[in-house]
Each structure stands twice: as structure tokens, then as C-alpha cells.
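Here's the letter readout for the chains.
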Amino acid sequence: MSGAAERPGSDSLAVASRRPDAEPWHGPTIRYDLVKEYVVAVVAVAVLAVALSVVLSSPDVRPLTIRQWAQSDPADFVATAVTELNGSSATATYGPPYNAWAAGEGQKLGPLGIERWAGVHVPVDTSVDFVLSPLGVAAQSDPALRSALNRYTAASAVQQQAWTTAYGNGLAHASFGDGGVTLRPGRYGPVPPMMTGLLGMARTGSLDADLLASPQFYGTDYTKPLLFLADGSFMANQAQAQHLSGSQWGMMNETGNYPGQAWLWLYTMWYQVKPFSTSSNGDALVWGTMMLLTLGLLLVPFIPGVRSIPRLVPVYRLIWRDHYRRLAAEPAGTVAPPVSHQPQRA
Amino acid sequence: MSDVTDITVPPAADPLADGTPAPGDERMWSARLRGAAVRGLPPGKLLPDRQPSYVASWVYVFGVLTLGAFTIICLSGVVLILKGPSWWHESSTGLFFNSIHLWSVELFFFFMVLHLWGKFFMASWRGNRALTWMTGVVAFLVSVGTAFTGYLSQQNFDSQWIGTQAKDGLNSVGVGSFFNVLNFGQMLLWHVLLLPLGVAALVGLHLLLVRRRGVVRPLPAPGRARHRGVGLQVSSAAPAAAPAAETPAADGADR
């Protein structure tokens, strides 16, 4: 916060301006109360933030639950659950950090498969974690479900695959009622009672609790229920309605008509343009590009050409226009007093 | 016990005045650190009450406004910490404080970006100020991470969606193995402790560097070459004391 009260320095304005950038300033000075400026800034921002909060509040769209998903869109829930059971879902085939590679090599940054190097640090077995384990809890009080579960786990992998594939195809003609899933007759093995059991658990909310349950009483890790939710279409449809999908610059948006993380605009922009938007390496390419640009921003003072831009773009003339005006108006023939570079208290 | 006449009274010295340690204390780590701190940033430099005459533009306000917004973010964040992560979903008072937290973050980034662009167009890295620029850039990046973990810690649909989308980018470069955006507990702790500490430390270092080097002087006047004195009336005494240092740094290099 500056006040007039200019005092001359040991150098005139012209002489002081000519000195190397690294030298201390010995030209004229003005009164400048840094503490007062900071306090005023805090008060100003506080007033602005309170005013915006009173007028606009903040968004808080309730989180989705698996219960809500199973009740609102049982077809999508069951179709997703079957892919989790037979290991064909997005999470089941994701690779590190959730599971070993089922197919493909994963994303690469140039020749570097960094995704693969990191390894499995958050292990997720969709068949066991999302379906068989929760059903095992329910089967303790349901003999029919226990029998179906035993039959499924005792079967060969090929047989299991045949049942789940047939069931997945059969869902195209399924109907969903309070009693569960009704399909046309087919060779589904024990999968129908298992899926009906899982749908029942999901509709009551017990699957939400089972997926969150950790080895200890307290839990704060939502990795499993979120991965399960993200594998279906229900969550993506909700996001689309809230203009949050990737093609809608979703990462920087916020639910409702609120500004989100606008500072991520450049990161989000890459996902809208080729080759990033179409490449199977898209995420790694975007991250590599952003890391390179970030390094460039960090090293601007050392990059020839880039560090010259401020001299070529006349914004600085606007910023220091008063200084240049005063410099031009300084009387010709100004003679600076002898240079004495003692710490200046002016 | 020695005779009282053997006691030597050290000469009166106030080591805090100029950082100079008392005789015999020169090798003490504390004395060395104090000496270096006082020499590098004497009180008049650390908290000056005068600035060069060219520090008179609205562009200088954005830095302190960023600092002001950071203060409000921390204060509103402390209130949210005191009441716990679920409070703002259940209470209108909590929602109000969450709103203050959100809007001060939006203002923080608004002012910070203006500050960054302003400093870019002023070529503020000149005169051994490259480290000041770099700490500012890193502070911006850590702030982005802090805000990001805040969005992940909201416990609402937005955090669900952002987490499930962001995991793919982070996993593609291996970061997701150690920084699990779907783990609410992990993200909350990063958001309320580690990252704010990082921002505070970087902002503190940035401010100390600004005070240490001072505010960068204006670029040479349009149409005038500083090293040649073109268009400037140069005093007879000054040329020798004002070397032609502009030439090697003519493209804005850090010198």
C-alpha cells in the first residue's frame, strides 16, 4: 500500500534505472506499508468470499450409492455384476495398480511402460471382491444361495465362463421385478440365483457396506465401491447430465452452474483434441505433455526466446507507464549525487 | 571454584543487532545461522517501509491478494477441520463455511494466475531472481494438487466422478500406485496437512526471496537502450558506477 511521500535516492531515477538488474535500487523511493497492504488484502478477500458464499453458496450433489444404482437401473447393475464375475469388466482388465495385466501392455510414455513398472499396489479381484465374497456373507443364511455359490466355485473356469457369457447374452431379454431377474430359459448354471441374490443385497444397501468393509472396524477407502460404480453406465449417465463427462471438459467442471477447477483447463483441453482424444495411450500422452510444459514454465528464465517475450510484448509499458512518464519528464542534465551505496533508509 | 578475580567479563555485545556473534561464539551453529540470516535479510530489508518509486501499479496488488486468499482458505479450512468432514453436508453453518472455503480457493487461483502473468510480462526473473520465479511456479503446482485433493475430499458426487476419472491419468504414469484418488482417507490427509504445509513453505520461501532480492526494476524504457544510455541524460559521475550490464542480459536472462 503506497503513499506519495517520495524521497530521492542517491541516484536519480535515470541513473538508478540504468544500473544492472541485480543491483539494489538507489533511486527515488516511496512510502509502502506492506503489513497494512496484507491486512487490507485479507479483509478484502474475506468480504468477497463471504459475499459470494451468501449469494451463491456451494454445490453439494449427494453421492451415488450402489443401492441407488440397483434400484434405479437394475439392468445396468446386473449386466455390470456379470462382467465383474467373469473378469471382463473395465476394472477386471485394468492392470496395475489394481490387478496384473489380463490383456495388452498398458499405456506407455514413449518407450517407457511406467504404468506397468509401478506394479499392483491396490489389489482388486472383481470376481471375489465384488461378487463372490459379498454373496458368501448372504449365503450363510440362505441355503439355496449357498448351494448355487458352491456349484459355481466348484466348476471349471471354462464352465464358469460359459455360464456367465450365456447369462450376459440372456440379459438382453430379461425383466426385472421385486423378485429379481427373470430370463428366458437357458444354460445359465447357478448364475441366476447368484445375480438375483446380489441384486437383492444391492437394493437393500448391504452391498455398499460389504464393499467398504475393511479388515478393521474403521474404513475410509472407497476404492472398491467406486470402481464397481464406475464400471457401469449409471454413474457416467449422471455425470453426462451434470456436464461432467470427458468430452464436456468434465475434469474442470463442477456440478450445477458453479466454476470448478478452471486452472485445469490446459490439462482438460488435450483430451478434446487428437491424437490425445483417440489414442489408446491418451492418458500417458496428456501427462507427458503436461510434464514437459510444466518444466518449460519452471525454466522460463533460462529458455532463450521464451525469456525474451516480455520485451517483445509491450505489456510492461502499461505496467510501468508512470515510471516511464516520469523518466521522460526528468529534467535534462540531471546530475546524480556521488554514488554512495550504504543501506538506504531514504 | 575459581577466584572471582579470574572471571573475564566479555565485552558487551548485542549479537542480535547485526548478527555478529560474541567473541568465542563464532563456531556455534546457532550463531552462524543467526549471522547468515541477519546478513541476508536485515530487518530493514525483511520488512521495509519504503519501496522503489516504480512499485506503483495495480499489478503489484495481485501477489498480496493471493496471500490474502490463502489466509482465508486456511482459516475457513481450520473451521472445517474442527467440525469434521461430514459437518458441511448436515449443517447450514457448515455449508456456509464450505462456501467460504470454495470461493476463497477460486479467488486464490484467480489472483495467483494474474500475479503469474504479470510477473511473466515484467520478466521478473532478471537480476538473480530465477529462484523466486521457480518457487512461485512450484507453489502454483502444489496449490493445484491441494485444490484437487480438496475436490476429492468433498464426499459428494463431484468427488466420486473426479476420482474415478482422474485415476486413469495418474495410473498411466504409475502415480496411482502410491497416490490413490479413490481412497478418501488418504486424500483428506494430503489435503488438510501435507499439501497445505508444502504451499505454506513454498510461499514463505518465495516471499523471503522477494525481500532478499527486492522488486525487479522496470525493463529499459521503450526505445531506449539502457547500456548505451540512449535517450537518457546521464550524469557525469554515474557512468563509471553503472556498468553496461544490460547487454548480456538483453533477452531477459537471469543475471
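About the criteria used
Residues numbered from 1 in each chain as written. Chains lettered and ligands numbered in written order. Predicted model: local features only at pLDDT ≥ 70, side-chain atom pairs only at ≥ 80, totals over all residues. Helix = DSSP H or I, 4+ residues; strand = E, 2+ residues; numbered from the N terminus. Buried ≥ 20, exposed ≤ 12 C-beta atoms within 10 Å, placed from the backbone. Contact = placed C-beta atoms within 7 Å. Rg over C-alpha atoms; globule rule 2.2 N^0.38 Å. Core = buried A, V, L, I, M, F, W, Y, C linked by C-beta atoms within 7 Å. Domains from an automatic or database assignment. Pairing = 2+ DSSP bridges. Axes fitted to C-alpha atoms, helices over the stretch in contact; angles between N-to-C directions. Parallel < 35°, antiparallel > 145°, perpendicular 65-115°, else oblique. Left-handed = near helix turned anticlockwise from the far one by under 90°. Expected span 1.5 Å × (residues − 1). pLDDT = per-residue confidence, 0-100. Nonpolar A, V, L, I, M, F, W, Y, C, P; charged D, E, K, R; others polar.

This part covers the overall build of chain B. Regarding its fold elements, chain B presents 10 helices and one strand. Sequence-ordered secondary structure for chain B, helices as α and strands as β, is α-α-α-β-α-α-α-α-α-α-α. The 255 residues of chain B split such that 43% are buried. The long-range fraction of contacts in chain B, counting pairs at least 24 apart against all pairs at least 6 apart in sequence, stands at 63%.

Tallying secondary structure elements over chain A gives 17 helices and four strands in all. For 346 residues, the compact-globule estimate of 2.2 N^0.38 gives 20 Å, and chain A exceeds it by more than 25% at 32 Å. Seen through its C-alpha atoms, chain A measures out along the principal axes to roughly 105 × 50 × 35 Å. Across chain A, every contact between residues at least 6 apart in sequence was considered, and the portion connecting residues at least 24 apart equals 57%.

So, about the nonpolar core. Within the largest apolar cluster, 116 residues are counted, with the highest numbers of intra-cluster contacts made by Met-195 and Leu-198 of chain A together with Ala-69 of chain B. For this core, the element with the most residues is helix α6 (residues 92-121) of chain B, which contributes 12 residues. Residue contributions to this core reach at least three from each of two domains, namely domain 1 (66-235) and domain 2 (242-298) of chain A. With sequence-adjacent residues up to four places away left out, Ala-69 of chain B is seen in contact with Val-45 of chain A together with Ser-104, Leu-107, Phe-108 and Phe-111 of chain B.

Between chain A and chain B, the contact holds 106 residues from the first and 100 residues from the second. Examining the composition of the side of chain A that touches chain B, we find that 13 residues originate from one element, helix α2 (residues 34-56) of chain A, more than from any other. Summarising the sheet, strand β2 (residues 29-32) of chain A and strand β1 (residues 50-52) of chain B pair through three bridges and their orientation is antiparallel. Each residue of the ladder has a partner; that of Thr-29 of chain A, found in β1 of chain B, is Pro-52 of chain B.

Further remarks concern the domain arrangement of chain A. By domain assignment, chain A separates into domain 1 (66-235) and domain 2 (242-298). Domain 1 of chain A and domain 2 of chain A are separated by 30 Å when their C-alpha centres are compared.

Residues and elements named next belong to chain A. For the pair helix α7 (residues 143-154) and helix α9 (residues 191-204), interaxial distance at closest approach is 9 Å and the crossing angle is 125°. When the interaxial angle is binned, α7 and α9 end up oblique. The element α7 and its partner α9 pack so that their crossing is left-handed. In this structure, α7 contributes Ala-144, Leu-145, Ala-148, Leu-149 and Tyr-152 to the contact, and α9 contributes Pro-193, Met-194 and Gly-197.

What follows concerns α2 of chain A. Look at α2 of chain A: 32 Å from first C-alpha to last across 23 residues, which is about the 33 Å you get at 1.5 Å a residue. All buried positions along α2 of chain A are accounted for by Ala-41, Val-45, Ala-49 and Ser-53 of chain A. Packing partners of the buried residues in α2 of chain A comprise α4 (61-83) and α6 of chain B. At the C-terminal side of α2 of chain A, Ser-57 of chain A shows a positive phi close to 55°.

With that out of the way, let us pick up the environment of Leu-116 of chain B. Residue and element names in this part refer to chain B. Tracing the backbone shows Leu-116 in helix α6. Along the primary structure Leu-116 and Trp-190 are separated by 74 residues, whereas in three dimensions their C-alpha atoms are 25 Å apart. When sequence neighbours within four positions are dropped, the list of residues in contact with Leu-116 reads Gly-136 and Phe-140.

Here the focus is the confidence of the model for chain B. As a note on interpretation, predicted positions should not be read in detail where pLDDT is low. All names here are of chain B. Here chain B averages 85 in pLDDT, while 80% of its residues score no lower than 70. Of all helices and strands in chain B, the one with the weakest mean pLDDT is helix α10 (residues 238-241) (36), whereas α4 scores best (98). Confidence over residues 226-255 falls short of pLDDT 50; this stretch has 66 contacts with residues more than four positions distant or in other chains. For this predicted complex, the interface confidence reaches an ipTM of 0.89, while the overall pTM sits at 0.87.

Residue and element names in this part refer to chain B. Axis separation between α6 and helix α7 (residues 130-152) bottoms out at 11 Å; the angle between their running directions is 155°. Taken together, the axis directions place α6 and α7 in an arrangement best described as roughly antiparallel. Relative to α7, the crossing made by α6 is left-handed. Judged by residue contacts, Val-105, Met-112, Leu-116 and Lys-119 of α6 engage Trp-133, Gly-136, Phe-140, Ser-143 and Ala-147 from α7. Broken down by class, the residue content of the contact of α6 with α7 amounts to six nonpolar, two polar and one charged.

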